[in-house]
Amino acid sequence: MTFPRLIAALTMTLAAAGSQAYDFKTVGANPVILYDAPSTKGGKLFVVPRGAPLEVVLAYGEWLKVRDVNGELAWTEAKGLSAKRNVIVKTPNLKVRATPDDAAAAVFSADKGVLLELTETAAGGWIKVRHRDGLIGYVKNSEVWGI
């Protein structure tokens, strides 16, 4: 495929995806490398640790263009990601609640940048999460990245 055709195909794919919700994947058992192009011959930009969520913006064969928690776009091999869902806390001292209610008791607090496993979605913009220590509770979608 020539470079102009590649650009045209990517542009059409991005335009088609514009009306859809983006998909999130999680880095699998091993860290993944983010590249500046969809090839291992591309420049290496970052290493993303296992468990980190990445937003899939575009699929191109075995490669995915992804956005990280900082908004940076890069490419990674699809085989390094899993369908498991994790989220990252966006606010300092986030109260994780016993039930999906602002008035519910806090089960635990999580600092900005803490990784939580998404276990299920709840009504009213809440999600149920699990900390790696096994604690479970609810947070608002707006308080985490990766949903």
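Rules of the game
Numbering of residues begins from 1 in every chain and follows the order in which that chain's sequence is written. Note on the predicted model: pLDDT of at least 70 is required for a residue's local features to be given, and 80 or more for side-chain atom pairs to be given and counted; whole-chain, interface and lining totals, by contrast, use all residues. Side-chain measures were taken over the full set of non-hydrogen atoms in the model, leaving aside hydrogen atoms and water. Per-residue confidence from the predictor is reported as pLDDT, which spans 0 to 100. The way it works is that DSSP assigns letters per residue, a run of H or I at least four long becomes a helix, a run of E at least two long becomes a strand, and they are numbered from the N terminus. Only heavy atoms matter for contacts: two residues are in contact if any of them lie within 4.5 Å across the pair. Should DSSP find at least two bridges between two strands, the strands are regarded as paired. Each aromatic pair joins two rings of Phe, Tyr and Trp (for Trp, the six-membered one) with centres within 6.5 Å, and gets the label stacked for planes under 30 degrees apart, edge-to-face for over 60, and tilted for any other angle. The buried label applies to any residue whose accessible area, calculated with a 1.4 Å probe on protein chains only, is under 20% of its type's maximum; exposed applies above 50%, and partly exposed to all values in between. Salt bridges are counted wherever a side-chain nitrogen of Lys or Arg sits within 4 Å of a carboxyl oxygen of Asp or Glu. Cavities and pockets were defined on a 1 Å grid built over protein atoms only: a cavity is a set of grid points that admits a 1.4 Å probe from which the probe cannot escape, a pocket is an open set flanked by protein on both sides within 12 Å along at least five of seven lines, and lining residues are those with an atom within 4 Å of any such point. Grid points are joined across faces, edges and corners, and a volume is the space filled by probe spheres set on the points. Throughout, the ten residues Ala, Val, Leu, Ile, Met, Phe, Trp, Tyr, Cys and Pro are labelled nonpolar, Asp, Glu, Lys and Arg are labelled charged, and all others, Gly among them, are labelled polar.

1. Some words on the confidence of the model for the protein
- With 85% of its residues at a pLDDT of 70 or more, the protein shows a mean pLDDT of 88.
- Ranking the helices and strands of the protein by mean pLDDT puts strand β6 (residues 73-77) first, with 98, and helix α1 (residues 3-17) last, with 45.
- For residues 3-20, every residue scores under 50 in pLDDT, and the model assigns this stretch eight contacts once sequence neighbours within four places are set aside.

2. Here's the deal with the pairing of strand β5 (residues 63-67)
- Relative to β5, strand β4 (residues 53-60) runs antiparallel, the two being bridged by five bridges. By the bridge assignment, Val 56 is partnered in β5 with Val 66.
- Two successive antiparallel strands, β4 and β5, enclose a turn made up of two residues, where Gly 61 displays a positive phi of approximately 65 degrees.
- Note: β5 against β6, five bridges, orientation antiparallel. Looking at the pairing, Arg 67 lines up with Leu 73 of β6.

3. Points about the packing of aromatic side chains
- Applying the stated criterion across every chain, the model contains three aromatic pairs.
- Pairing Tyr 35 with Trp 63 gives two aromatic rings, centres 5.5 Å apart and planes at 80 degrees, and the pair type is edge-to-face. Here the residue Tyr 35 occupies a position in strand β2 (residues 32-35), and Trp 63 occupies one in strand β5, the gap between them amounting to 28 residues. As far as the burial class goes, Tyr 35 and Trp 63 line up, both buried.
- When the centroid spacing of 6.4 Å and the interplanar angle of 70 degrees are considered together, the rings of Tyr 60 and Trp 75 count as edge-to-face. On the criterion of sequence distance, the pair formed by Tyr 60 in strand β4 and Trp 75 in strand β6 is long-range, its members being 15 residues apart.
- Overall, the relative accessible area of 6% leaves Trp 75 in the buried class.

4. Digging into the pattern of salt bridges
- Taken as a whole and assessed by the stated rule, the structure comprises five salt bridges.
- Across the pair Arg 130 and Glu 117 runs a salt bridge, and its minimum N-O distance is 3.2 Å. With Arg 130 in strand β12 (residues 126-130) and Glu 117 in strand β11 (residues 115-122), this residue pair connects regions lying 13 residues apart in the sequence.
- Overall, Glu 117 belongs to the partly exposed group, its relative accessible area being 24%.

5. What about the layout of surface pockets?
- Taken as a whole, the largest pocket spans an internal volume of roughly 320 Å³.
- Taken together, 15 residues form the lining of the largest pocket, with Gly 51, Lys 84, Asn 86, Leu 115 and Arg 132 sitting closest to its centre.
- For the lining of the largest pocket, the elements supplying multiple residues, two or more each, are β1 (23-27) and β11.
- Taken together, the residues of the lining of the largest pocket sort by class into four nonpolar, six polar and five charged.
- In this model, the second largest pocket occupies a volume close to 170 Å³.
- Lining the second largest pocket are 14 residues; nearest its centre among them are Val 48, Pro 49, Ala 52, Val 69 and Ile 88.
- Residue assignment for the lining of the second largest pocket shows that the elements contributing at least two residues are β3 (44-48) and β4.
- Sorting elements by how many residues they give to the lining of the second largest pocket places β3 first, with three residues.
- Of the residues in the lining of the second largest pocket, the class split is 12 nonpolar, one polar and one charged.

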